[in-house]
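What follows is the residue order along each chain.
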Amino acid sequence: MPGVDDPKTVTAALDMAGLDALIAALAERGYRVIGPMVADDAVVYDEIASSADLPAGVGDEQDGGRYRLRARGDGALFGYTVAPQGWKRLLHPPRQKMFAARRQDGGFAILPPEPAAAPMAFLGVRACELAAIGIQSRVFGDEAAGDPGYRGRLARSFVVAVECAEAGGTCFCASMGTGPQVEAGFDIRLVELAGHDRHVFLADAGSAKGAEMLSGLNAPPAPEADRAEARRRVSAAAGAMGRTMPAATARRLGEHAEHRRWADIGKRCLSCGNCTMVCPTCFCTTVEDVTDLKGEHAERWRTWDSCFSIDFSYIHGGAIRNEVRSRYRQWITHKLSAWHEQFGTSGCVGCGRCITWCPVGIDITEEVQAIHADGKGR
Ligand code: SF4
Ligand code: SF4
């Protein structure tokens, strides 16, 4: 994929007015522009109107069970790493109405579906998050068993990716091969260079609609010195990650179903499901039917579910994963091992969210390394 690492590609240099022109152009084309902002002491992805809504000078500190915002001391707009909730919330909503029906002529009539929402433009998608969108596209892409709603939302969206110039405290995308370089799946890719004397965004296109959008902004080409600095910063971020996933051995987790480490994790894990809620690839759902008191109107809703809930493994008569260790083993073994057989890829992109948002700081990289270091460990 061409970009700032390809000397033949013309990379544009957007200043702050250029970034605002991009946001305005997306809105003019009918996109609901979603970007990062600060709310409730966290970075969240929500609707923005201009660069003034972005988290200027905000960084984050992330570690096992710990998340704090910090002042960076510069005006960087994309100086945090990943937000607690990823883009999954927008493409695969936590709660979604499947259909509604009303009683009619002794039976039920299915009501017409609600009109599709406005297409979305995502501003600030990280490399690991793009990889996660690609993985969920495989899950939902199956014609027979997939989700046409997901496919439609993604097909109508516009993706502005931003490469990470710094590694987050719990990131390990470099060892998963999913970042921090953004290589595919974007319409426009940005690298932010924020300093005391200047603030620019190097921009290049990854699709025809991205190229058309960029050419309309009439931004000047980026000088080679800026391109080299962007390459240096992204490469430094790749080398600064404090965690590593042994991806090849993680794939063999299924060989360790009886390892004693599962019992140890079971004592620490609260089975709260946080890790599955923040994971950008977890996709499991359940279905609820609701009716009004008279039974005249009924709706079917799909909501996120978690393999950490006791009901998730309920099969006529009882749950088959009664112990917490079984639920953790199911989650991590599916994600890192069985996912390969099912979808041809790992289910983990190394975003680190499950480590940051685990209330007791259970670290997926540490658990895999401990299990493999200890062999079968029975
Ligand atoms: S398993 Fe953890 S690190 Fe991997 S993609 Fe999910 S939340 Fe991110
Ligand atoms: S591993 Fe952590 S986040 Fe996941 S269910 Fe257990 S306690 Fe909750």
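Residues numbered from 1 in each chain as written. Chains lettered and ligands numbered in written order. Predicted model: local features only at pLDDT ≥ 70, side-chain atom pairs only at ≥ 80, totals over all residues.

> Can you walk me through the overall build of the protein chain in this structure?
Along the backbone of the protein chain there are 13 helices and 15 strands. Compactness check: the protein chain gives a C-alpha radius of gyration of 22 Å against a globular reference of 21 Å for 378 residues, within 12% of the reference. With the C-alpha coordinates aligned to their principal axes, the bounding extent of the protein chain is approximately 65 × 65 × 35 Å. A separation threshold of at least 6 residues defines the contact pool for the protein chain, and within that pool the share at least 24 residues apart is 71%. (Helix = DSSP H or I, 4+ residues; strand = E, 2+ residues; numbered from the N terminus. Rg over C-alpha atoms; globule rule 2.2 N^0.38 Å. Contact = placed C-beta atoms within 7 Å.)

> I would appreciate a short explanation of the pairing of strand β9 (residues 158-162) in the present structure.
Most of β9 sits out of view: five of its five residues are buried. Alternating residues of β9 divide into F158, V160 and V162 and V159 and A161, and every residue in both groups is buried. Sheet analysis places strand β8 (residues 120-125) next to β9, joined by four bridges and oriented parallel. For L123, the partnering residue across the bridge sits in β9 and is V160. Judged from the three bridges that link them, β9 and strand β10 (residues 188-194) form a sheet pairing that is parallel. Counted as the bridge partner of A161 is R189 from β10. (Buried ≥ 20, exposed ≤ 12 C-beta atoms within 10 Å, placed from the backbone. Pairing = 2+ DSSP bridges.)

> How should I be thinking about the sheet that holds β9 in this particular structure?
Whenever strands of a sheet pair, they do so through backbone hydrogen bonds, lying parallel or antiparallel. Strand order in the open sheet formed by seven strands is β1-β11-β10-β9-β8-β2-β3, with mixed pairing between adjacent strands. The open sheet is flanked by β1 (12-14) and β3 (42-47), the only strands paired with a single partner. Neighbour-to-neighbour, the strand axes of this sheet turn through a mean angle of 30 degrees, independent of strand direction. Here helix α6 (residues 208-217) sits on the sheet in contact with β1, β9, β10 and β11 (199-205), set at roughly 140 degrees to β11. (Axes fitted to C-alpha atoms, helices over the stretch in contact; angles between N-to-C directions.)

> Help me understand the site of ligand 1 in this model?
Lining the immediate environment of ligand 1, one finds 13 residues, of which C279, C348, C351, R353 and C354 sit closest. Each residue belonging to the shell around ligand 1 can be placed in one class, and the counts come to eight nonpolar, three polar and two charged. (Near = placed C-beta within 6 Å. Nonpolar A, V, L, I, M, F, W, Y, C, P; charged D, E, K, R; others polar.)

> Sorry, what's going on with the packing of helix α3 (residues 127-141) against helix α4 (residues 148-155) here?
In helix packing, the relevant descriptors are the interaxial angle and the interaxial distance, both defined with respect to the helix axes. Their axes nearest at 9 Å, the elements α3 and α4 cross at an angle of 140 degrees. In terms of axis orientation, α3 runs oblique to α4. At the point where α3 passes α4, the crossing takes the left-handed sense. Residues I133, S137, F140 and G141 of α3 pack against Y150, R151 and L154 of α4. The residue inventory of the contact of α3 with α4, partitioned by class, reads four nonpolar, two polar and one charged. (Parallel < 35°, antiparallel > 145°, perpendicular 65-115°, else oblique. Left-handed = near helix turned anticlockwise from the far one by under 90°.)

> Could you clarify how one ought to interpret the confidence of the model for the protein chain in this entry?
Low pLDDT marks stretches whose predicted atomic positions should not be read closely. Per-residue confidence for the protein chain averages 93 on the pLDDT scale, and 96% of its residues sit at or above 70. Confidence drops under a pLDDT of 50 for residues 1-5, and excluding neighbours within four residues, the segment shows 16 contacts in the predicted structure. (pLDDT = per-residue confidence, 0-100.)

> Looking at this structure, I do not really get helix α11 (residues 324-343). What am I missing?
Given 3.6 residues to a turn, an α-helix orients residues that are three or four positions apart in the same direction. Where α11 bends most, the angle comes to about 55 degrees, and this point is H334. Listed as buried for α11 are R325, R327, Y328, R329, W331, I332, K335, L336, S337 and W339. Its buried side turned inward, α11 meets α8 (247-250), α9 (261-268), α10 (274-278) and α13 (364-373). Phi for G344, located one or two positions after α11, is positive at around 75 degrees. (Bend = angle between axes of the 7 residues up to and from the residue.)

> I would appreciate a short explanation of the domain arrangement of the protein chain in the present structure.
Many authors give the size of an interface as the accessible area that is lost as the parts come together. Segmenting the protein chain into domains produces domain 1 (12-95 + 113-239) and domain 2 (247-284 + 306-373). At the interface, 27 residues of domain 1 touch 24 residues of domain 2. Elements represented by at least two residues in the side of domain 1 that touches domain 2 include exactly β5 (66-71), α3 and α5 (173-176). Split into classes, the residues belonging to the side of domain 1 that touches domain 2 amount to 12 nonpolar, 11 polar and four charged. (Domains from an automatic or database assignment.)

> How should the sheet that holds strand β7 (residues 107-110) be read in this particular structure?
Judged by pairing direction, the sheet is antiparallel, and its four strands sit side by side in the order β7-β6-β13-β12 without closing on themselves. The open sheet has two edge strands, β7 and β12 (285-291), and neither has a second partner. Neighbour-to-neighbour, the strand axes of the sheet open up by a mean angle of 25 degrees, direction not taken into account. With seven bridges joining them, strand β6 (residues 95-104) and strand β13 (residues 297-304) adopt antiparallel strand pairing. Counted as the bridge partner of A100 is E299 from β13.

> Would you take a moment to explain the packing of helix α1 (residues 16-28) against α6 for this structure?
Across the interface, α1 lies against α6 with an axial gap of 10 Å and an inter-helix angle of 130 degrees. The orientation of α1 relative to α6 falls into the category oblique. Of the two possible hands of crossing, α1 and α6 adopt the one that is right-handed. Residues G18, A21, L22 and A25 of α1 pack against M213, G216 and L217 of α6.

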